[in-house]
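# Structural description and commentary
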Amino acid sequence: MGIVEKDDGITQVSFNNPLPYDASTTEKGVIEEPQQNELHRALKARHITMIAIGGAIGTGLIIGTGSALKKAGPGSILISYSFMGFIVYLVMCALGEMATWLPRSSGFTGYAVRFCDPALGFALGYTYWFKYIIVTPNQLTAGALVIQFWLPADKVNPGVWITVFLVLIVSINYFGVVVIIGLILLSFILMLGGGPDHDRKGFRYWRDPGAFNTYIDDGAAGRFYAFWSTMVSATFAYLGTELVGVTVGEAQNPRKTIPRAIKLTFFRILFFYILSVLLVGTLVPYNSPELNAATTKSSSAAASPFVVAIELAGIPALPDILNACILLFVFSAANSDLYIATRTIYGLAKEGKAPKFLAKTDRRGVPWVALIVCASIACIAYMNVSSDSKTVFGYFVDLVTIFGLLTWISLLVTHICFVRARTAQQVPPSELAYTAPFGIYGSYFALFWCTIVAFTKSFDVFVHGKYGNFNYKTFITSYLGIPLYIILIVGYKVVTRCKRVKPEEADLWTDKDIIDREEAAYLAQEEERRAAQGEKAGKANWFYNTFLAWLF
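Now for a look at the structure at hand. Residue numbers here run from 1 along each chain, matching the order of that chain's written sequence. Per-residue local features are limited, in this predicted model, to residues with pLDDT of at least 70; the limit for side-chain atom pairs, both in listing and counting, is 80 or more; totals at the level of whole chains, interfaces and linings are taken over all residues. Derived side-chain values reflect all non-hydrogen atoms in the structure, with water molecules and hydrogen atoms excluded from consideration.

The next point concerns the overall build of the chain. Helix and strand assignments come from DSSP, with helices taken as H or I runs of at least 4 residues and strands as E runs of at least 2, each series counted from the N terminus. In terms of regular secondary structure, the chain is built from 22 helices and two strands. Residue pairs in contact within the chain that sit at least 24 positions apart in sequence constitute 82% of those at least 6 positions apart. Carbon and sulfur atoms form 63% of the exposed surface of the chain, whose accessible area is close to 22500 Å². In this description, contact between two residues means that some pair of their heavy atoms is separated by no more than 4.5 Å. To be clear on the numbers: accessible area is Shrake-Rupley with a 1.4 Å probe, and residue cover counts the displayed protein chains and nothing else.

This paragraph deals with the packing of helix α12 (residues 254-283) against helix α14 (residues 305-313). It is the contact of α12 with α14, at a shortest axis distance of 9 Å, that shows an interaxial angle of 40°. With respect to their mutual orientation, α12 and α14 come out oblique. Of the two elements, α12 crosses α14, and the hand of that crossing is left-handed. Between α12, through Ser276, Val280 and Leu283, and α14, the contact on the second element is made entirely by Pro305, Phe306, Ala309 and Leu312. Gly is placed with the polar residues, together with every amino acid not listed as nonpolar (Ala, Val, Leu, Ile, Met, Phe, Trp, Tyr, Cys and Pro) or charged (Asp, Glu, Lys and Arg). The class makeup of the residues in the contact of α12 with α14 is six nonpolar, one polar and no charged. Every angle, taken between N-to-C directions, lies between 0 and 180 degrees, and every axis is a line fitted to C-alpha atoms, over only the stretch in contact when it is a helix. Here the angle decides the label: under 35 degrees means roughly parallel, over 145 means roughly antiparallel, 65 to 115 means roughly perpendicular, and every other value means oblique. The hand of a helix crossing depends on one turn: near helix anticlockwise from the far one by less than a right angle means left-handed, and clockwise means right-handed.

A side-chain nitrogen of Lys or Arg and a carboxyl oxygen of Asp or Glu constitute a salt bridge if their distance falls within 4 Å. This structure, assessed with the given rule, holds seven salt bridges. Glu97 serves as the salt-bridge partner of Arg422, at 3.1 Å between the closest nitrogen and oxygen. Remark: Glu97 occurs in helix α4 (residues 74-101) and Arg422 occurs in helix α17 (residues 389-424); sequence separation between them is 325 residues. Each member of the pair, Arg422 together with Glu97, is buried. The salt bridge involving Asp516 is made with Lys512; its shortest N-O contact spans 3.3 Å. Here Lys512 and Asp516 lie together in helix α21 (residues 512-533), a separation of four residues that amounts to about one turn. For Asp516, a relative accessible area of 28% corresponds to the partly exposed category. When accessible area is computed with a 1.4 Å probe and restricted to protein chains, residues below 20% of their type maximum are described as buried, those above 50% as exposed, and intermediate ones as partly exposed.

Trans peptide bonds make up the majority, and among non-glycine residues the majority have a negative phi. Each neighbour pair has its own omega, and for Asp208 with Pro209 the value is 15°, a cis peptide bond. Among the structural elements, Pro209 can be located in helix α9 (residues 204-210). Even without being a glycine, Arg497 presents a positive backbone phi close to 55°. Locating Arg497 in the fold gives a position in the loop between α20 (481-496) and α21. One non-glycine residue, Asp511, adopts positive backbone phi at about 80°.

Moving on, we come to the environment of Leu190. Relative to the helices and strands, Leu190 resides in helix α8 (residues 178-191). Note: C-alpha distance between Leu190 and Val280 (90 residues apart in sequence) is 9.8 Å. In contact with Leu190, other than residues within four places in its own chain, are Gly195, Asp199, Leu283, Ala309, Ile310, Ala313 and Ile315.

Now for a nonpolar patch on the surface. A contiguous nonpolar patch, built from Phe462, Phe470, Tyr472, Phe475, Ile476 and Leu480 and spanning about 560 Å² of accessible area, is present on the exposed surface. With respect to the helices, strands and loops of the structure, Leu480 is situated in the loop between α19 (472-479) and α20. Within this analysis, patches are made of residues with over 30% relative accessible area and no salt bridge. Like charges are joined at 9 Å or less; nonpolar side chains (Val, Leu, Ile, Met, Phe, Trp, Tyr) at 5 Å or less.

By the secondary structure assignment, Thr435 is in the loop between α17 and α18 (439-456). Judged by its relative accessible area of 34%, Thr435 falls in the partly exposed class. Residues Thr435 and Met98, 337 residues apart in the sequence, show an inter-C-alpha distance of 8.8 Å. Setting aside residues no more than four positions away along its own chain, Thr435 makes contact with Glu97 and Pro429.

The sign given to each residue is positive for Lys and Arg and negative for Asp and Glu; His and the chain ends receive no count. A charge is said to be at NZ when it belongs to Lys, at CZ for Arg, at CG for Asp and at CD for Glu. Side chains of Arg420, Lys499, Arg500 and Lys502 sit close together on the surface and give a patch of like positive charge. Here Lys502 shows up in the loop between α20 and α21. The exposure class assigned to Lys502 is partly exposed, which follows from its relative accessible area of 41%.

To continue, consider helix α5 (residues 107-115). In terms of residue burial, α5 counts as a mostly covered element, since nine of its nine residues are buried. Along α5, the residues classified as buried are Gly107, Phe108, Thr109, Gly110, Tyr111, Ala112, Val113, Arg114 and Phe115.

Our next topic: the packing of aromatic side chains. Geometry of an aromatic ring pair is reported as the spacing of the ring centres plus the angle between the planes. Pairing of aromatic side chains requires ring centres within 6.5 Å, counting the rings of Phe and Tyr and the six-membered ring of Trp. Pairs whose planes differ by under 30 degrees are stacked, by over 60 edge-to-face, and all others tilted. Taken as a whole, this structure holds 26 aromatic pairs when the rule is applied. Aromatic side chains Phe86 and Phe438 sit 5.7 Å apart centroid to centroid with 90° between the ring planes, which places their arrangement in the edge-to-face category. Of this pair, Phe86 sits in helix α4 while Phe438 sits in the loop between α17 and α18, and the two are 352 residues apart along the sequence. Take Phe86: its relative accessible area is 32%, and that puts it in the partly exposed class. Owing to a relative accessible area of 44%, Phe438 belongs among the partly exposed residues under this scheme. The structure contains a cluster of three or more aromatic residues connected by ring pairs, namely Phe83, Phe86, Phe224, Tyr225, Phe227, Trp228, Phe438, Phe445, Phe448, Trp449 and Phe459.

As used in this record, nonpolar core signifies buried Ala, Val, Leu, Ile, Met, Phe, Trp, Tyr and Cys residues forming a set joined through side-chain atoms within 4.5 Å. Ranked by internal contacts, the top residues of the largest apolar core, which has 128 residues, are Tyr81, Phe115, Trp129, Tyr238 and Trp408. In terms of residues, this core owes the most to one element, α17, which gives 17 residues.

We now examine the packing of helix α3 (residues 64-72) against α4. Two elements in contact, α3 and α4, have axes whose closest approach is 7 Å; the angle formed by their N-to-C orientations is 125°. Compared by their axis directions, α3 and α4 come out oblique. Counted together, Thr65, Ala68, Leu69 and Ala72 of α3 and Pro74, Ser76, Ile77 and Tyr81 of α4 form the full contact between these two elements. Its residues assigned to classes, the contact of α3 with α4 shows six nonpolar, two polar and no charged.

Encoded structure:
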């Protein structure tokens, strides 16, 4: 093992002599085999956070909020988005504690293998990959849906736009968060009467028609059903924040970068999501005919409640401009999703759980074979050619949500096992670079609610009467992930005869010394760089980090 200085100033570690480890306590293949080209440690905290934001903020917030608002009302979506935001924070804290202890490119699949059960690691890896190979065509579907604002499907086939988007997202990087900031500012101005209609709406629509709509039943039961039905939209909207765990293998100084990225992601999502949902609920009543049309007509791409809000305010031309921005937004999220799908199957190949050729990288460390495979699978978005875009979008949302919830459940179980392991092996919290603020109890709390949501998120498919008969298609897409997840775990155990990892035998130490030395080398390099830049540059960085970095 040796530390190598690259021309671009990034410290690399050569794993020529990896330390031996006991294969009886962890699975072979989790410690990466050396190869000519490895993933480069080039991502800073802002890069990781923006990848997480790019993957999380997308169709769930911009488009999916519309149907949730129509069904449940502004009060319900504010509560559900706030509650799931807290659950996401607990998941990220649990992941951050493990990722800063052993920041390896195998990500959280490797943690599940080391600390809990090899079968869980196998199931988690493929569940996460399933999620992202589905969410990429989901974003492409949303893009085709947005395009129909200008060109209906009967004029230009959605397959044309899917082809354009798919080609572009393979070759570009992600965009920033300018669009959502603009939406928040515009919504705030419209709420205060700054639009052409000069109507100071305030919280008028929270009183009439009200903050809570009813669904399935009347009264308190109906309001609760409506609220609980929005948990799918809220969960779907937050999926992607956990991908911080996938990027640890490419993070600079991960023991400092990852905690900062988690903190920044939390504040940004709090700002972007909670504030956006609050403001749009003041601008569009849940019984608005325009909102109903946008969320039911397949020819309308004004599915975003933000576009509806602008139309209601009577601002000319801006709906078209905003729709174009939303298109870029969805496009950005699709690119981020494809990135994670590629890195996930790359990690599985490195662990020996997928064909070896998927682990091939080029000189720049890009897993090009995995990229080609994931881009090919994304072609299932062409279902839009023969089906209604909104129907296909709904199916994809159901699939992605259950795979995402199973990923969170697996992460939380892994963190609980990690805490038990370090307790059994007498590793004090002071030895950790980052400790989850709510500890193991926060993970238990989040695990309980993620499990409840996973099993009840599509309760309405069983409802008969005026809301329709049993919808078997929605049922399949909503719950397909659960038996598949169980089959992956049980099947892997049967084939490999692996056993659950006992806390006192969990591998907490292999490669930790390599990470320690890499961190020391990086810190020394950074100290030299700061000394060379001088005091003036340091003050500029302090101003940015103190006042602007949480948002930009």
